[in-house]
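Structural characterization, general
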Amino acid sequence: MADKKKWYIVDGYRPSPTPDPHANYRGHESIMILNTNDVDAHVRISVYFEDKDPVENIPYVVPAKRVRCFTTDDKEALCGLELGIGEQYSMEFDCDVDIIVQYGRLDVQQPNMAYMALIAHNI
């Protein structure tokens, strides 16, 4: 009997088994986009805010059969958009082919850091 669903792990990164004594952990948010298609994925990212107009249709390309990742402080990936620390926002990803979008956050505001990852909602 064939499987009815496919499952993917988008945020793969194998860490060292021992702590790096020189590590300087940096809190961040990251977006991972997986394109399993035979063609490039042309993504349009729109960012919505609580108290200001949205920034819509930021272009982003994920090559065929590749994963591309960026942190939300990467103004180059977001075509100059700067998301402020503590600023509430939401993102929409519109693409010409099927993709998988995952979000991750490393919160280092307390000694026992927390990492959260989730798959974006798909409609």
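Structural notes, computed from the coordinates. Just so it is clear, the model here is predicted, and its values are computed rather than measured. Counting of residues starts from 1 at the beginning of each chain's written sequence and follows it residue by residue. Only residues with pLDDT of at least 70 are given local features in this predicted model, and only at 80 or more are side-chain atom pairs given and counted; all residues enter the totals for whole chains, interfaces and linings. As a convention, hydrogens and water are excluded, and side-chain values are obtained from all of the structure's heavy atoms.

1. Let's talk about the sheet that holds strand S1 (residues 28–35)
Pairing between strands is defined by DSSP: at least two bridges between the two strands are required. In this text, helices come from DSSP runs of H or I with a minimum length of four residues, and strands from runs of E with a minimum of two, each type numbered from the N-terminal end. One open sheet accounts for 4 strands, arranged S4-S1-S6-S7; its pairing is antiparallel. Looking at strand neighbours, the two that pair on one side only are strand S4 (66–71) and strand S7 (114–119), the edges of this open sheet. Taking the axes of each pair of neighbouring strands and ignoring which way they run, one obtains an average angle of 15 degrees across the sheet. In terms of strand pairing, S1 meets S4 through 6 bridges, oriented antiparallel. Counted as the bridge partner of Ile31 is Phe70 from S4. Orientation is described by lines fitted to C-alpha atoms, with helices fitted over the stretch in contact, and by angles between N-to-C directions that extend from 0 to 180 degrees.

2. Here's the deal with the pattern of salt bridges
By definition, a salt bridge exists where a carboxyl oxygen of Asp or Glu is found within 4 Å of a side-chain nitrogen of Lys or Arg. Within the structure shown, the criterion is met by 4 salt bridges. Residue Asp38 is joined to Lys65 by a salt bridge in which the shortest nitrogen-to-oxygen separation is 3.3 Å. Of this pair, Asp38 sits in the loop between S1 and strand S2 (41–49) while Lys65 sits in the loop between strand S3 (55–62) and S4, placing them 27 residues apart in sequence. For the salt bridge of Glu87 with Lys52, the shortest nitrogen-to-oxygen distance reads 2.8 Å. Taken together, the residues span a long stretch of sequence, with Glu87 in the loop between S4 and strand S5 (89–95) and Lys52 in the loop between S2 and S3 at a distance of 35 residues. We classify Lys52 as partly exposed; its relative accessible area is 41%. Each residue gets one of three labels from its accessible area relative to the maximum for its type: buried under 20%, exposed over 50%, partly exposed in between, using a 1.4 Å probe on protein chains only.

From the geometry alone we can't say anything about function, so treat these as descriptive.
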